[in-house]
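Residue strings, one per chain:
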Amino acid sequence: MKNRKRALVLAGTAAALVATLVAAGPAPAAPAEPAAPAAPAASKLASVHGGGTIFYPYAANDDIRFTVDAESAPWTRPFPAPGPEKGLPTDARGRVTISHHFKESGFTGTAEAEVDCLVTGGKTATLTAVVKTSNVGWDGKRIGISVQDGQHGEPDRVGFSWGVANLDVKPDGTATQGTVGTCMAPAPFTEVTKGGFKVTPAPLSPVPKP
């Protein structure tokens, strides 16, 4: 309370001093014209670039590699339906390639996919892509991938929508792999052991004006 009273006294003294100076000084000059507002900065686009080999504990001896080159392209994939007819703020473009060499059999499975969705949060990104070519029967399938750009000495990480996630259980108890929706992927649950990724985050783009 003592400090509060002191602050009030000081404030009152300062106000009185300002009033005295204004009364004794010359008339103030006409106010200057307000400055023109600064031009808005260009919108920042989210992106993920890089490639790396991961350690997957359920195939510890296999060589599994991902490359990702993805960039946001908001509102560029319109849907023929009310609501998202302008597209989505998470629309994106780019390419994902996957290579899985099975040490035991010597077979290498590959897939190349076209990115259709990307969203970021800090240094983590989630993206989906539709497979265009593969040698494992994935053509036309949407896959989900998450990438974490490791900071402060932490390793980069990758997650993917097959293997340990995205399982649908039917009423009769049988299980099947579920459908992947746009930008849907699990947390980045594997560690990158060679190579790395750069995630550039950006906020979601505002709805375009009519």
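Before going into details, it helps to say that this report is about the structure given with it.

Criteria and cut-off values
- Residues numbered from 1 in each chain as written.
- Predicted model: local features only at pLDDT ≥ 70, side-chain atom pairs only at ≥ 80, totals over all residues.
- Heavy atoms only, no water.
- Buried < 20%, exposed > 50% of the residue type's maximum accessible area, 1.4 Å probe, protein only.
- Helix = DSSP H or I, 4+ residues; strand = E, 2+ residues; numbered from the N terminus.
- Pairing = 2+ DSSP bridges.
- Disulfide = S-S within 2.5 Å.
- Patch = residues over 30% accessible without salt bridge, like charges linked within 9 Å, V, L, I, M, F, W, Y side chains within 5 Å.
- Areas by Shrake-Rupley, 256 points an atom, 1.4 Å probe, with all protein chains shown as cover.
- Salt bridge = Lys/Arg side-chain N within 4 Å of Asp/Glu carboxyl O.
- Axes fitted to C-alpha atoms, helices over the stretch in contact; angles between N-to-C directions.

Further remarks concern the pairing of strand 6 (residues 142-148). Regular strands place side chains that alternate from one sheet face to the opposite one. Within strand 6, 5 of the 7 residues are buried, leaving the element largely enclosed by the surrounding structure. Note: strand 5 (residues 124-134) against strand 6, 7 bridges, orientation antiparallel. Bridged to Thr 126 within strand 6 is Ser 146. Where strand 6 lies against strand 7 (residues 157-160), 4 bridges are found, and the strand directions are antiparallel. Counted as the bridge partner of Ile 145 is Phe 160 from strand 7.

Positionally, Gly 137 belongs in the loop between strand 5 and strand 6. Taking the C-alpha atoms as reference points, Gly 137 and Gly 109, 28 residues apart in sequence, are found 9.9 Å from one another.

Turning our eyes to something else, we now look at unusual backbone geometry. Positioned with a positive phi, His 152 is a non-glycine residue whose angle comes to about 55 degrees. Tracing the backbone shows His 152 in the loop between strand 6 and strand 7. According to the relative accessible area criterion, His 152 is exposed, its value standing at 82%.

One pass over the structure, following the stated rule, counts 1 disulfide. One disulfide in the model links Cys 117 with Cys 183; its S-S distance is 2.0 Å. Taking the torsion about the S-S bond as the criterion, the Cys 117 to Cys 183 disulfide, at about -105 degrees, is left-handed. Here Cys 117, found in strand 4 (residues 108-121), pairs with Cys 183, found in the loop between strand 9 (175-177) and strand 10 (190-200); they are 66 residues apart in sequence, far enough to count as distant. Cys 183 shares its class with Cys 117; the two are buried.

Attention now goes to the environment of Asn 61. Positionally, Asn 61 belongs in the loop between strand 1 (47-55) and strand 2 (63-72). When its relative accessible area of 61% is taken as the criterion, Asn 61 is described as exposed. Measuring from C-alpha to C-alpha, the distance between Asn 61 and Lys 103 comes to 6.4 Å, with 42 residues separating the pair along the chain.

What follows deals with a nonpolar patch on the surface. Residues Phe 102, Phe 107 and Val 136 make up a contiguous nonpolar surface patch of about 230 Å² in total accessible area. Within the secondary structure, Phe 107 sits in the loop between strand 3 (92-101) and strand 4. In this structure Phe 107 comes out as partly exposed when scored by relative accessible area, which is 38%.

With antiparallel pairing, 8 strands are arranged side by side around a closed barrel as 1-2-3-4-5-6-7-10. Neighbour-to-neighbour, the strand axes of this sheet turn through a mean angle of 30 degrees, independent of strand direction. When strand 2 meets strand 3, the two strands line up antiparallel, connected through 10 bridges. When the sheet's bridge partners are listed, Ala 70 is paired in strand 3 with Gly 94.

Next up on the list: the pattern of salt bridges. Within this structure, the stated rule accounts for 6 salt bridges. A salt bridge links Arg 77 to Glu 114; the shortest N-O distance between them is 3.6 Å. In this pair, Arg 77 sits in the loop between strand 2 and strand 3 while Glu 114 sits in strand 4, placing the two residues 37 residues apart along the sequence. Judged by its relative accessible area of 37%, Glu 114 is partly exposed. Between Arg 95 and Glu 112 there is a salt bridge whose closest N-O contact spans 3.1 Å. With Arg 95 in strand 3 and Glu 112 in strand 4, this residue pair connects regions lying 17 residues apart in the sequence.

Take it as geometry only, folks, not as evidence of what the structure does.
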